[in-house]
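Notes for the structure review
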Amino acid sequence: MSSKTYELNQSFVDSQEKQKKLYKRTLIIVSISQIFGGAGLAAGITVGALLAQQMLGTDAFTGLPTALFTLGSAVAALVVGRLSQRFGRRTGLTIGFMVGGLGAIGVILAALINSVLLLFASLFIYGAGTATNLQVRYAGTDLANNKQRATAISIAMVFTTFGAVAGPNLVNVMGDFALSIGVPSLAGPFILSAAAFILAGSILFIMLRPDPLVIAKAIEASNLDKQEHKKQTLQLENKRGIIVGAAIMLLTQIVMVAIMTMTPVHMREHGHDLGEIGLVIGFHVGSMYLPSLITGMLVDKLGRTVMAIASGTTLLLAGLVAAIAPGDSMILLIVALSLLGLGWNFGLISGTALIVDSTSTSTRAKTQGTVDVLIALSGASGGALSGMVVASSSYATLSLAGGFLSLILIPVVFWSRWNKK
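A short tour of the structure in this document, coming up. Once a new chain begins, its residue numbering starts again from 1 and follows that chain's sequence as written. Owing to the predicted nature of the model, reporting of local features is limited to residues with pLDDT of at least 70; listing and counting of side-chain atom pairs is limited to 80 or more, with chain, interface and lining totals taken over all residues. Hydrogens and water molecules were not included; the side-chain quantities draw on all heavy atoms of the structure.

Centre distance and the angle of the planes are the two values used to describe a pair of aromatic rings. Only centres within 6.5 Å qualify two rings of Phe, Tyr or Trp (six-membered ring in Trp) as a pair; their planes then separate them into stacked at under 30 degrees, edge-to-face at over 60, and tilted for everything else. Scanning the entire structure with this criterion turns up four aromatic pairs. For the pair Tyr-126 and Phe-190, a centre-to-centre distance of 5.3 Å together with 70° between the ring planes defines the contact as edge-to-face. Here the residue Tyr-126 occupies a position in helix 5 (residues 116–139), and Phe-190 occupies one in helix 8 (residues 188–207), the gap between them amounting to 64 residues. Considered together, Tyr-126 and Phe-190 belong to a single accessibility category, that of buried residues. When the centroid spacing of 5.6 Å and the interplanar angle of 70° are considered together, the rings of Tyr-289 and Trp-344 count as edge-to-face. Taken together, the residues Tyr-289 in helix 11 (residues 274–289) and Trp-344 in helix 14 (residues 330–357) connect sequence positions 55 residues apart. Any residue under 20% of the maximum accessible area for its type is buried, any over 50% is exposed, and the rest in between are partly exposed; the area is computed with a 1.4 Å probe on protein chains only. The exposure class of Tyr-289 is buried, given its relative accessible area of 3%. Through pairs of rings, three or more aromatic residues link up here, namely Phe-97, Tyr-126, Phe-190 and Phe-197. Put simply, a charge is over a ring when the Lys NZ or the Arg CZ is close to the ring centre, within 6 Å, and near the line of the ring normal, within 35 degrees. Between Arg-90 and the ring centre of Phe-205, over which it is positioned, the NZ or CZ distance is 4.3 Å. Above the ring of Tyr-138, the side-chain terminus of Arg-137 is found at 4.3 Å from the ring centroid. The way it works is that DSSP assigns letters per residue, a run of H or I at least four long becomes a helix, a run of E at least two long becomes a strand, and they are numbered from the N terminus.

Pasting the structure below:
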């Protein structure tokens, strides 16, 4: 570290006013990048399964694209987490978004030359953008205090809504644009993804200075006069918090990805066009992110436990509505997918807040990356199995199974409370 960089970092350590200003500035930069990051992730959700169905000519493997880009996001989460821990958020997040943009470009090329192998490889790489889009939420918490953390997470996620909702509703526009330049229509949304991920990475690379995690590390290093027994107690509490926070996010991810992945295929089989599919997915993605600000405040005020239980209950409702909804009912499908997104939102913010509460800056980014690996792997499992379940049974069976699986959240939360006593 150069003397100039050290002096800059130290100026933030010595001034709480500068820390507050950097915290607010970081939230603004993170929020701007999330607008583009949200638009980037929407393509894979909306048309990934349909593109694979078209190229493979079967429904049996339509869950594979989601599995691949969530598996890719698992690898990326680990790499981005470690890069962020070593070099700061700016470096890790920029590289993650840029790689995701390259993956989206690969999907476009695969559609052009009709290469299933290139499609699957590119979807795997595209997952880096998805992982990075989720990891950005941590950057806003690096300089937040205990009562600000869930709210900081939620602010970043709210801004993801703008891009994430716009993306699915632009599938027809991007499809028409793709056709006008000689690209298959289902690859059109990935043109938007490529541009959006690269823009998100560029914004973070240019504007995220000084790096919030680097400053947070410097602040923590200046406060090492705590008693040893307090450190040991905190470490024990941290392990429990990490386990519970991770479990909450894992379960919500499995349920959300499984039902979401097969909804476009289910709708297509009942005569819905891309515009109607985009509308339903738009409501779903909006529900994943738009309620975040209120959710964050509720998590900070009511507690992580209450909102984790609310997550399980909401996901159960989503599964029940999706199971009973007629395939041609747009209204009930919108309700089901909106509840699915809302339940995921409750789980992600409460679980993320627990992870941030339970880590120190010396290990935070690495631990967060590792947890996000598990989340992505759980999503990959949900995506891969969803197609097989529907092919062998039905969409209703998948929805019911997902809804009842979410109830496991409740005993997990009560286990954590019992261990605190």
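The next thing to look at is helix 5. The end-to-end C-alpha distance of helix 5, which contains 24 residues, comes to 36 Å, matching closely the 34 Å that a straight helix rising 1.5 Å per residue would cover. Of all 24 residues making up helix 5, 18 are buried, and the element is well covered by its neighbours. Helix span is expected to be 1.5 Å times the residue number reduced by one.

Looking now at a nonpolar patch on the surface. Residues enter a patch when their relative accessible area is above 30% and they make no salt bridge; the linking distance is 9 Å between like charges and 5 Å between nonpolar side chains (Val, Leu, Ile, Met, Phe, Trp, Tyr). Surface accessibility follows the Shrake-Rupley procedure with a 1.4 Å probe radius. Residue values consider only the protein chains on display as shielding. The rule for a salt bridge is simple: a side-chain nitrogen of Lys or Arg has to be within 4 Å of a carboxyl oxygen of Asp or Glu. Among the surface-exposed residues, Ile-95, Val-99, Leu-102, Ile-105, Leu-109, Leu-112, Ile-113, Ile-125 and Ile-198 lie close enough to one another that they form a single nonpolar patch of about 740 Å² accessible area. Counting residues per element, the nonpolar patch draws most heavily on helix 4 (residues 89–113), at seven residues. Secondary-structure assignment places Ile-105 in helix 4. Judged by its relative accessible area of 35%, Ile-105 falls in the partly exposed class.

Counted by the stated rule, this structure contains five salt bridges. Between Arg-137 and Asp-372 there is a salt bridge, and its shortest N-O distance comes to 3.3 Å. Of this pair, Arg-137 sits in helix 5 while Asp-372 sits in helix 15 (residues 364–392), placing them 235 residues apart in sequence. Look at Asp-372 and you get buried, because its relative accessible area is 4%. Among the salt bridges present, the one from Arg-304 reaches Asp-300, with a minimum N-O distance of 3.2 Å.

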